Structures are given as C-alpha cells and as structure tokens.
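# Structure assessment
Residue-level listing of the chains:
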Amino acid sequence: GMGSGAILYCRDKLDRDFIRNLIDLNNPFKNGISLNMRMMGINCIYAKSELNFLKEKNKKRAWIRKKYIQYGLTILRQSENNVKQGNYRAIIKSKNPKRLISSLKSNNINAIQPYLFNELPSIAKEHKNTSEIVNSLVSLPCHPNLTKEDLKRISDIVKKIEIL
C-alpha cells in the first residue's frame, strides 16, 4: 500500500535478474506480469543509498540482539534448518504482550506484536497452539540508532513487567 516499503536482497544472479525485469520502472508491464510497483526517482536514490549501509545496519542489529541477551532477555532464535533470517527484529515471548507493549509505550518506546493471527483466521482455528504462541510474541525496538543505554532501559522495563 501507499507508504509501505520493503527490501528484496538476492544473492543469486538469476533470481535478481528475474525480479529486476519484473520491476522495470520505465515499462512495468512489458513482460505481461509485474510486481505492481512504481518508484519516483527520489525513492530510487534513497533506496540505493540505504542499500550501501545494509551490511552496517545488519551488524548493528545483530549487536542489539546480543545486548538484549546480555541484559537478561530471551530473544528468539533467528535461524533454523540452515535458513538464516535477517536481524530485523528482536522478538521475545511475553506472558502478557498487551500489557508489555502498553508499558513500553508509556515510556515512549514502541513495540509491536509482529504476527497477528486475526489476519489469518483459518490458521488460528486449525492450529490453536501455534496461535497461542504467535499471540504471545512481542517485537522490541531493533533500529540501528539505539544506544546501550536505550537497550538497558528497554530490557529493565521488560524484565519488570514479565516478573510481575
């Protein structure tokens, strides 16, 4: 939708070329299919400049996740079955996610529930245990501008709420 954004990072040249053809900004329907995507020139320039810093930002996010763990939080693993995900989120399992998110918000800290099963009602009905687990997850701030002090403050609030 409007205002939404995403990064698509491909190591495989064939995948990259295929997707690049789908995102032909000058002629989006030349191949008969399209990702229904258009960018203005300024968006392209911004996206290209952000890609230059992607590795640096990913390293910082990995550092943030390690700091949360050092400060006593249990961050869910990011890799399984030889599939490595990015460090875009620092996800914890909460006893009371709504209360935790509300407490963080009252301290000017934004956290979210990263996966909402109400968006996929058929799965929620068929997989009750999965639904309970997913509904207990909270994504803590993980943006590269966070400092050690920020992370310590967030961790202290989380531990206080989760212990009660």
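Residues numbered from 1 in each chain as written. Predicted model: local features only at pLDDT ≥ 70, side-chain atom pairs only at ≥ 80, totals over all residues. Heavy atoms only, no water.

### With respect to the overall build of the protein
A count of helices and strands for the protein gives 7 helices and 4 strands. Along the protein, helices (α) and strands (β) appear in the sequence α-α-α-β-β-β-α-α-α-β-α when read from the amino end. Across the 164 residues of the protein, 30% fall into the buried class. Considering only contacts in the protein between residues 6 or more positions apart, those separated by 24 or more positions represent 61%. Total accessible area computed for the protein in this model is approximately 12,400 Å², and 54% of it derives from carbon and sulfur atoms. (Helix = DSSP H or I, 4+ residues; strand = E, 2+ residues; numbered from the N terminus. Buried < 20%, exposed > 50% of the residue type's maximum accessible area, 1.4 Å probe, protein only. Contact = heavy atoms within 4.5 Å. Areas by Shrake-Rupley, 256 points an atom, 1.4 Å probe, with all protein chains shown as cover.)

### What to know about the pattern of salt bridges
As enumerated under the stated definition, the model contains 2 salt bridges in all. The closest approach of N and O atoms between aspartate 156 and lysine 152, which form a salt bridge, is 3.1 Å. Of this pair, aspartate 156 and lysine 152 both sit in helix H7 (residues 148–163), 4 residues apart, roughly one helical turn. Note that lysine 159 is salt-bridged to aspartate 156, the shortest N-O span being 4.0 Å. Here aspartate 156 and lysine 159 lie together in helix H7, a separation of 3 residues that amounts to about one turn. (Salt bridge = Lys/Arg side-chain N within 4 Å of Asp/Glu carboxyl O.)

### Some words on H7
An ideal rise of 1.5 Å per residue puts 22 Å on 16 residues; H7 measures up with 22 Å between its terminal C-alpha atoms. For H7, the complete set of buried residues consists of Leu151, Ile154, Ser155, Ile157, Val158, Ile161 and Glu162. Buried residues along H7 cover an arc of 165 degrees about the axis, so they all sit on one side. Residues of H7 that are exposed and point over 90 degrees away from its buried face: Glu149, Lys160 and Ile163. Each element contacted by the buried residues of H7 is listed here: helix H3 (54–70), strand E3 (90–93), helix H4 (97–106) and strand E4 (137–140). (Expected span 1.5 Å × (residues − 1). Arc of directions from axis to C-beta.)

### Things to note about the packing of H4 against H7
Running from N to C, H4 and H7 point in directions that differ by 140 degrees, and their axes come no closer than 10 Å. As judged from the angle between their axes, H4 and H7 are oblique. Judged by the twist between their axes, the crossing of H4 over H7 is right-handed. On the side of H4, the interface is formed by Arg99, Leu100, Ser103 and Leu104, while H7 contributes Ile154, Ile157, Val158, Ile161 and Glu162. (Axes fitted to C-alpha atoms, helices over the stretch in contact; angles between N-to-C directions. Parallel < 35°, antiparallel > 145°, perpendicular 65-115°, else oblique. Left-handed = near helix turned anticlockwise from the far one by under 90°.)

These values are about where atoms sit, not about what they do.
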